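Listed here are the chains, written in short residue letters.
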2 protein chains.
Amino acid sequence: MLVRELGEFGLIERLSRRVSASPAAHHRQEPPVRVRVGIGDDAAVWEATGTAEALTTDTIVDGKHFTLATTGWNDLGWKSLATNLSDIAAMGAAPGVAVVTLGLPPDTVVEDVEALYDGLLAAAGEFGASVAGGDVVASPTLFITVALSGTLAGEPMLRSNAATGDLIAVTGALGASAAGLAVLQGAAPAEGADADLLRAAHRRPWPRVAEGMSLAKAGVRSAMDITDGLLDDLGKLCAAAGYSARVEAVCVPVHPAAVAAFPDDAMAMALNGGEDYELLFTAPPRLMASLGGALDCEVQVVGEIISGTPGEVFLVDAKGDAITPPRKGWDHFA
Amino acid sequence: MLVRELGEFGLIERLSRRVSASPAAHHRQEPPVRVRVGIGDDAAVWEATGTAEALTTDTIVDGKHFTLATTGWNDLGWKSLATNLSDIAAMGAAPGVAVVTLGLPPDTVVEDVEALYDGLLAAAGEFGASVAGGDVVASPTLFITVALSGTLAGEPMLRSNAATGDLIAVTGALGASAAGLAVLQGAAPAEGADADLLRAAHRRPWPRVAEGMSLAKAGVRSAMDITDGLLDDLGKLCAAAGYSARVEAVCVPVHPAAVAAFPDDAMAMALNGGEDYELLFTAPPRLMASLGGALDCEVQVVGEIISGTPGEVFLVDAKGDAITPPRKGWDHFA
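The structure displayed is predicted, hence computed values, not measured ones.

A. Quick look at the relation of the copies chain A and chain B. Overlay of chain A on chain B (RMSD 0.0 Å): rotation 180°, translation along the axis 0.0 Å. Expressed as an axis order, the relation between the two copies is that of a two-fold axis. The residues that chain A uses at the interface reappear at the interface of chain B in 100% of cases, marking a shared surface.

Here is the structure:
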């Protein structure tokens, strides 16, 4: 059935039922937020329990941020929430309530929209968010906007809190999402465990929600998530803080599967690839050294915050000599 | 200059400066929410002060919910926040933090986007909301999505709280927005005080923010805002509550300027016109009678909640005989 045939209200009702049927048992942990009013009223309502609330929003547009040729509907739903979960994680907040806006061409197939919601609800269940409302609008172009609240127990991690002398670290490994997209586009063999892993990294990114909360709890004061590539995002963090950064290329944790599939391009994918949704954070050396047991994932120090032109990022080799970095991030209007 | 020429990050920076420059003095009252982190990080952060938080989202799409032929850029900005303010008002909450997503065709003129933001900031200042972040994405079609938080001091007003025996009332008068659109489309003379008033009602709707908070404080437990027309929205309220409603046509407060400009159609505009952004609420007769001094605007009782098929709304004449209502609400996919 097409969205046009079912109509706006029929579709909203069908999606609402799907949300209601999504068992709370899917939640790996107790959701941090007690939702009092979900879908079906003018706004979602939840009890305020933390010291502060956070709110973020992210939109993905067909043909600009994704294409259905490389991302299926279920993965699209997962991804649309995951990008927002990653932003909430970068503040050190616990995920709260999500409201979802779907812009749908009238000839969209209803079952595809349901698959999208299933992916979205899977991500919500995995990371403790609650889908509690939203909107469906007719649009010539498919887009998905999610706004997600978060609850902070303590201080938020801010880009502007980075200070000279701070070490810069990243969680996990970089470049897998860009390598996965390249595999999906046919740039490398599509078979094998590495190819599977890379495709999954691109299609179902894993936001560092637990890690962000752990970092904030451990006293880390500055973080952001990596969505446009390490160098580009680090530049934004430095611009917000008013400092420069030096990154040692040899320390950048390039994902081993990306190296295996794209030996020549993996480093560029790790530096500029984007959509890794790892956390980038800074901390004084003593605090950084103490973080060993705080996280369940790898943490790699890649450089340090230095004084200089705000926003400038220097890439250096093992001898400390400057390397010209590969091309910069992405402008969707270009 | 075109958005394509300025680029995504240039535009975001320019809009951020505009938000920062927007003087807090524009706020008619102290904003209820203390924003700790605004634009420029991964999420907005504010201090939790109420008992509960609310979140709503609304999207308007070019060609579906508006056309630039009848709505200018500044009004578009106002309207995109006003629709969300109206939802927050319908819960009885104080407006909080707004995050804004603009979907822009690359050949959009930057000054138009700035005018949109000025309208948005004007509405934020008028009603005490804080614009604290957002996103700009390239899109073949212009759309504006706003997510707005709210803070509740007490219990939220819910559609599902309506009960049999409750009287049904509306704030202000209905039909002015639909009549204004008809004037803009050339269906009536464009000159004169009535035409000005009707156009303004369509272009710069006035959400009942103070009134919503007053109703909740006075003990009203069920409300929603009128966006798709009185009959359609009352049907939704009744469906959520599990009851029917009877509306006395003679009691419906049709806007006098709509009557003057469209004597034959004003009643249909009031019943089905939509976009009035008045509040529809229910309360037991005794509470309803006590509300006289609680609001700064007119309140008109139009009917009552009765038992029956959930969601059914009967329109009756002065003698209590059923009237066939004009055509039902609007499906954007149709």
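B. Looking closely at the packing of helix α5 (residues 176-184) of chain B against helix α6 (residues 193-203) of chain B. Residue and element names in this part refer to chain B. Look at α5 against α6: their axes get within 7 Å of each other, and the N-to-C directions meet at 110°. Compared by their axis directions, α5 and α6 come out roughly perpendicular. Between α5, through Ala176, Ser177, Ala179, Gly180, Leu181, Val183 and Leu184, and α6, the contact on the second element is made entirely by Ala195, Leu198, Arg199, Ala201, His202 and Arg203.

C. Seen up close, the packing of aromatic side chains. Counting across every chain of the model gives seven aromatic pairs over all chains. Judged by centre distance (4.8 Å) and plane angle (65°), the rings of A:Phe127 and A:Trp206 are edge-to-face. Of the two residues, A:Phe127 sits in helix α4 (residues 110-127) while A:Trp206 sits in the loop between α6 (193-203) and α7 (209-218), which places them 79 residues apart along the sequence. Residue A:Phe127 is classed as buried on the basis of its relative accessible area, which comes to 6%. According to the relative accessible area criterion, A:Trp206 is partly exposed, its value standing at 39%. Between B:Trp78 and B:Phe127, the ring centres sit 6.1 Å apart and the planes meet at 70°, which makes this aromatic pair edge-to-face. Placement of the pair is B:Trp78 in helix α3 (residues 73-91) and B:Phe127 in helix α4 (residues 110-127), with a sequence separation of 49 residues. Across the pair, exposure class does not vary: B:Trp78 and B:Phe127 are buried alike.

D. Spatial organisation of the pattern of salt bridges. All told, the structure shown has 35 salt bridges over all chains when counted by the stated rule. For B:Arg14, the salt bridge goes to B:Glu111, with nearest N and O atoms at 3.8 Å. With B:Arg14 in helix α2 (residues 8-21) and B:Glu111 in helix α4, this residue pair connects regions lying 97 residues apart in the sequence. Among the residues examined, B:Arg14 registers a relative accessible area of 23% and is labelled partly exposed. Residue classification places B:Glu111 among the partly exposed positions, given a relative accessible area of 37%. As a salt-bridge pair, B:Asp75 and B:Arg203 come within 3.9 Å of each other at their nearest N and O atoms. Of the two residues, B:Asp75 sits in helix α3 while B:Arg203 sits in helix α6, which places them 128 residues apart along the sequence. Taking relative accessible area as the criterion, B:Asp75 reaches 13% and is therefore assigned buried. Judged by relative accessible area, which is 27%, B:Arg203 ranks as partly exposed. Through salt bridges with shared partners, one network takes in A:Arg14, A:Arg18, A:Glu111, A:Glu114 and A:Asp118.

E. Region of interest: α4(B). All names here are of chain B. Under the 1.5 Å per step criterion, the end-to-end length of α4 is 26 Å for 18 residues, consistent within 8% with the ideal 26 Å. Among the 18 residues that make up α4, 13 are buried, leaving the element largely enclosed by the rest of the structure. Gly128 occupies a position one or two residues after α4 and carries a positive phi of about 80°.

F. Region of the structure containing the state of the cysteines. Residues and elements named next belong to chain A. With the rule as written, the count across this model stands at zero disulfides over all chains. Of the cysteine sulfurs around Cys251, a residue in no disulfide, the closest is that of Cys238, at 16 Å. On the accessibility criterion, Cys251 (22% relative accessible area) is partly exposed.

G. Expanded view of the sheet that holds strand β8 (residues 222-225) of chain B. Reading across the sheet, the seven strands line up as β8-β10-β7-β11-β9-β12-β13 (chain B) and stay open at both edges, with mixed pairing between neighbours. Where the open sheet ends on each side, the last strands, each with one partner, are β8 and β13 (322-323) of chain B.

H. Here's a closer look at the interface of chain A and chain B. Chain A puts 65 residues into the contact, and the matching count from chain B is 65 residues. Both sides of the chain A and chain B interface together cover about 5100 Å² of buried area, and 62% of this is carbon and sulfur. Where chain A packs against chain B, one counts four salt bridges. Notably, a salt bridge pairs A:Asp41 with B:Arg159, separated by 3.7 Å at the nearest N-O pair. Broken down by element, the side of chain A that touches chain B gets its largest block of residues, nine residues, from strand β3 (residues 52-61) of chain A.

Rules used in this analysis
Residues numbered from 1 in each chain as written. Chains lettered and ligands numbered in written order. Predicted model: local features only at pLDDT ≥ 70, side-chain atom pairs only at ≥ 80, totals over all residues. Heavy atoms only, no water. Least-squares fit on C-alpha atoms with pLDDT ≥ 70 in both. Contact = heavy atoms within 4.5 Å. Axes fitted to C-alpha atoms, helices over the stretch in contact; angles between N-to-C directions. Helix = DSSP H or I, 4+ residues; strand = E, 2+ residues; numbered from the N terminus. Parallel < 35°, antiparallel > 145°, perpendicular 65-115°, else oblique. Phe/Tyr/Trp six-rings, centres within 6.5 Å; stacked < 30°, edge-to-face > 60°. Buried < 20%, exposed > 50% of the residue type's maximum accessible area, 1.4 Å probe, protein only. Salt bridge = Lys/Arg side-chain N within 4 Å of Asp/Glu carboxyl O. Expected span 1.5 Å × (residues − 1). Disulfide = S-S within 2.5 Å. Pairing = 2+ DSSP bridges. Buried area = accessible area lost by both parts, 1.4 Å probe.

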